[in-house]
Amino acid sequence: MDTESGWAWKDTGGSDFEQPEPGSYAAICYRIIDLGTQPTSWEGVAGTKEQTLIGFELDELMTTGEHAGKPFVVAKFYTTSLGKKATLRGDLESWRGRQFTEEELAGFDPKNILGKPCMLSLIKTEKGKIKIATVSKLPKNMLAPKPSNPQVFFTLHGMHLDHAVFDAFSEGIKKILIRSPEYQRLANKKQPTAATAGGS
């Protein structure tokens, strides 16, 4: 199934920023980054999987450092799959408050969730880092937080690499993207010259 964005989900790094406290927060999905195919390891067996990073902006402001007064942001890495046991599918169904239809499972456009509100449950790991435990639908009558950060949608499944968006990413995100074959394909793709673009 074709989608408007040209990228569909199918059934098939640390920082020094101030961290939010564990708990429940209203949030907005403010960025979706297609990370392409990444190396993985499970029980000592190496492999590869397509991955996606989804970033959320919380309705809670930072209070210290150069980012004081700005909303906390958190993110979660997903294997890009809507299979029955996939974490991405489970979080999206909890977020939307309903299961996927067969039609949606044939090709769900990630852009559908960009800018949409949700409820996040955050917990602290053994290493003291905050992580997203659950994503769910915003409770009835709760107002969605007003977005502060620009919305970003970046995919490696298009015809061209969006250099402006890529250049704005952190060095950590850039390193992850660069090691994917999808990024290499787009980065090494020849751009049309003025002559070829003009048809002469």
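Residues numbered from 1 in each chain as written. Predicted model: local features only at pLDDT ≥ 70, side-chain atom pairs only at ≥ 80, totals over all residues. Heavy atoms only, no water.

1. Considering the nonpolar core
In a soluble, globular protein the nonpolar side chains are often hidden away together inside. The biggest cluster of nonpolar side chains holds 27 residues, and the ones touching the most others in it are Phe56 and Leu120. In terms of residue count, strand 1 (residues 23-42) provides more of this core than any other element does, four residues in total. The next biggest cluster of nonpolar side chains, apart from the first, holds 13 residues, and it includes Ile33, Phe154, Ile176 and Leu186. (Core = buried A, V, L, I, M, F, W, Y, C linked by side-chain atoms within 4.5 Å. Buried < 20%, exposed > 50% of the residue type's maximum accessible area, 1.4 Å probe, protein only. Helix = DSSP H or I, 4+ residues; strand = E, 2+ residues; numbered from the N terminus.)

2. A few points about the pattern of salt bridges
Tallied over the full model, the rule gives five salt bridges. Note that Glu93 and Arg89 form a salt bridge whose closest N and O atoms lie 3.4 Å from each other. You can see Glu93 and its partner Arg89 sitting in helix 1 (residues 87-96), four residues apart, about one turn around the helix. Of the two residues, Glu93 and Arg89, neither departs from the other in class, the shared state being buried. Linked by salt bridges that have partners in common, Arg96, Arg98 and Glu104 make up one network. (Salt bridge = Lys/Arg side-chain N within 4 Å of Asp/Glu carboxyl O.)

3. Concerning the environment of Ile178
As for its position among the elements, Ile178 is in helix 4 (residues 171-178). Residues Ile178 and Gly36 lie 142 residues apart in sequence; the distance between their C-alpha atoms is 9.3 Å. For Ile178, the residues in contact, after removing those within four places along its chain, are Phe166, Tyr183 and Gln184. (Contact = heavy atoms within 4.5 Å.)

4. Side note on the pairing of strand 1
Here is the key point about a regular strand: its side chains alternate between the two faces of the sheet. A large share of strand 1 lies buried, amounting to 14 of its 20 residues. Judged from the six bridges that link them, strand 1 and strand 4 (residues 117-124) form a sheet pairing that is antiparallel. Each residue of the ladder has a partner; that of Tyr25, found in strand 4, is Leu120. One ladder, built from 14 bridges, connects strand 1 with strand 2 (residues 45-61); its direction is antiparallel. (Pairing = 2+ DSSP bridges.)

5. With respect to the environment of Ile33
Within the element layout of this structure, Ile33 appears in strand 1. Residues Ile33 and Leu53, spaced 20 residues apart in sequence, show a C-alpha to C-alpha distance of 5.1 Å.

6. Side note on the packing of aromatic side chains
Overall, the coordinates contain four aromatic pairs when judged by the stated rule. With a centroid separation of 5.2 Å and 80° between ring planes, the pair formed by Phe100 and Phe108 is classed as edge-to-face. A residue is classified by how much of its surface remains accessible, and Phe100, at 7% relative accessible area, is buried. Its end group placed over the ring of Phe100, Arg96 keeps NZ or CZ at 4.3 Å from the ring centre. Sitting above the plane of the Phe153 ring, Lys111 keeps its charged end 5.3 Å from the centroid. (Phe/Tyr/Trp six-rings, centres within 6.5 Å; stacked < 30°, edge-to-face > 60°. Lys NZ or Arg CZ within 6 Å of the ring centre and 35° of its normal.)

7. Points about the environment of Thr125
Mapped onto the elements, Thr125 comes out in the loop between strand 4 and strand 5 (130-136). Given the relative accessible area of 27%, Thr125 is considered partly exposed. The spatial distance from the C-alpha of Thr125 to the C-alpha of Pro22 is 10.0 Å, given a sequence separation of 103 residues.

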